[in-house]
Amino acid sequence: MSETAATSRLDPLKWLLVVALVATAVVGNSYYADQSLLYRVLAMVVMAIAAGWVASTTVKGGAFWSLVKGARTEIRKVVWPTRQETTQTTLIVVVFVIVMALILWALDSLLGWVASMFIG
């Protein structure tokens, strides 16, 4: 039997363990509501890390982790605009929005005036 087949047969149990860890964290957070927030947050973080690690050992979790790594690689390839380009583009958008708002206001006023002429 190959390693992948053994891993995929255990996946439902691993997902059940992930759900149990998350449920335990949520119920424990409610049950220990009188304890310090710091301790409850630390416990939730530890449980989330444990659940994430168990989930990453499954086939779907491994595929998701691979997708995240690929996305980070692609983000590094993006050519981000400079501060000047961002500022200029933002100003163009703001001016366009103001101009369109004035045009729509004028059109609305004109149509309102025409409608009031017909209504009386």
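A. View of the overall build of the protein. Helix and strand counts for the protein come out as four helices and zero strands. What you see in the protein, going N to C, is helices and strands ordered as α-α-α-α. Radius of gyration (C-alpha) of the protein: 28 Å, far over the 14 Å computed for a compact globule of 120 residues. In terms of its C-alpha atoms, the protein occupies a principal-axis envelope of roughly 80 × 45 × 30 Å. Split into buried and exposed, the 120 residues of the protein put 9% on the buried side. Contacts spanning at least 24 positions in sequence make up 62% of the contacts within the protein whose residues lie at least 6 apart.

B. Examining the nonpolar core more closely. Membership of the largest hydrophobic core is limited to five residues, which are V18, L21, A51, V54 and A55. Secondary-structure elements contributing two or more residues to this core are helix 1 (3-31) and helix 2 (37-56). Top element by residues in this core is helix 2. It accounts for three residues.

C. Quick look at the side chain of R40. Considering the arrangement of structural elements, one finds R40 in helix 2. Salt bridges are absent for the buried R40, whose nearest opposite-charge side chain, D34, sits at 7.0 Å. For R40, the contacting residues outside a window of four places in its chain are N29, Y32, A33 and Q35.

D. Looking closely at the environment of V59. Relative to the helices and strands, V59 is located in helix 3 (residues 59-77). You can call V59 partly exposed: its relative accessible area is 43%. Note: C-alpha distance between V59 and I75 (16 residues apart in sequence) is 24 Å. Apart from residues lying up to four places away in sequence, V59 is in contact with S8 and D11.

E. Structural context of helix 2. Look at helix 2: 28 Å from first C-alpha to last across 20 residues, which is about the 28 Å you get at 1.5 Å a residue. Where helix 2 is concerned, the buried positions are R40, A51, V54 and A55. Projected down its long axis, helix 2 shows its buried positions confined to an angular sector of 95°, all on one face. In helix 2, the exposed positions angled more than 90 degrees off the buried face are occupied by L38, Y39, V46, I49 and W53.

F. Examining the side chain of D11 more closely. The residue D11 is located in helix 1 in this model. No salt bridge is formed by the buried D11; its nearest oppositely charged neighbour, K14, is found at 4.6 Å. Setting aside anything within four residues of it in sequence, one finds D11 in contact with T57, T58 and V59.

Cut-offs applied
- Residues numbered from 1 in each chain as written.
- Predicted model: local features only at pLDDT ≥ 70, side-chain atom pairs only at ≥ 80, totals over all residues.
- Heavy atoms only, no water.
- Helix = DSSP H or I, 4+ residues; strand = E, 2+ residues; numbered from the N terminus.
- Rg over C-alpha atoms; globule rule 2.2 N^0.38 Å.
- Buried < 20%, exposed > 50% of the residue type's maximum accessible area, 1.4 Å probe, protein only.
- Contact = heavy atoms within 4.5 Å.
- Core = buried A, V, L, I, M, F, W, Y, C linked by side-chain atoms within 4.5 Å.
- Lys, Arg positive; Asp, Glu negative; His and termini not counted.
- Salt bridge = Lys/Arg side-chain N within 4 Å of Asp/Glu carboxyl O.
- Expected span 1.5 Å × (residues − 1).
- Arc of directions from axis to C-beta.

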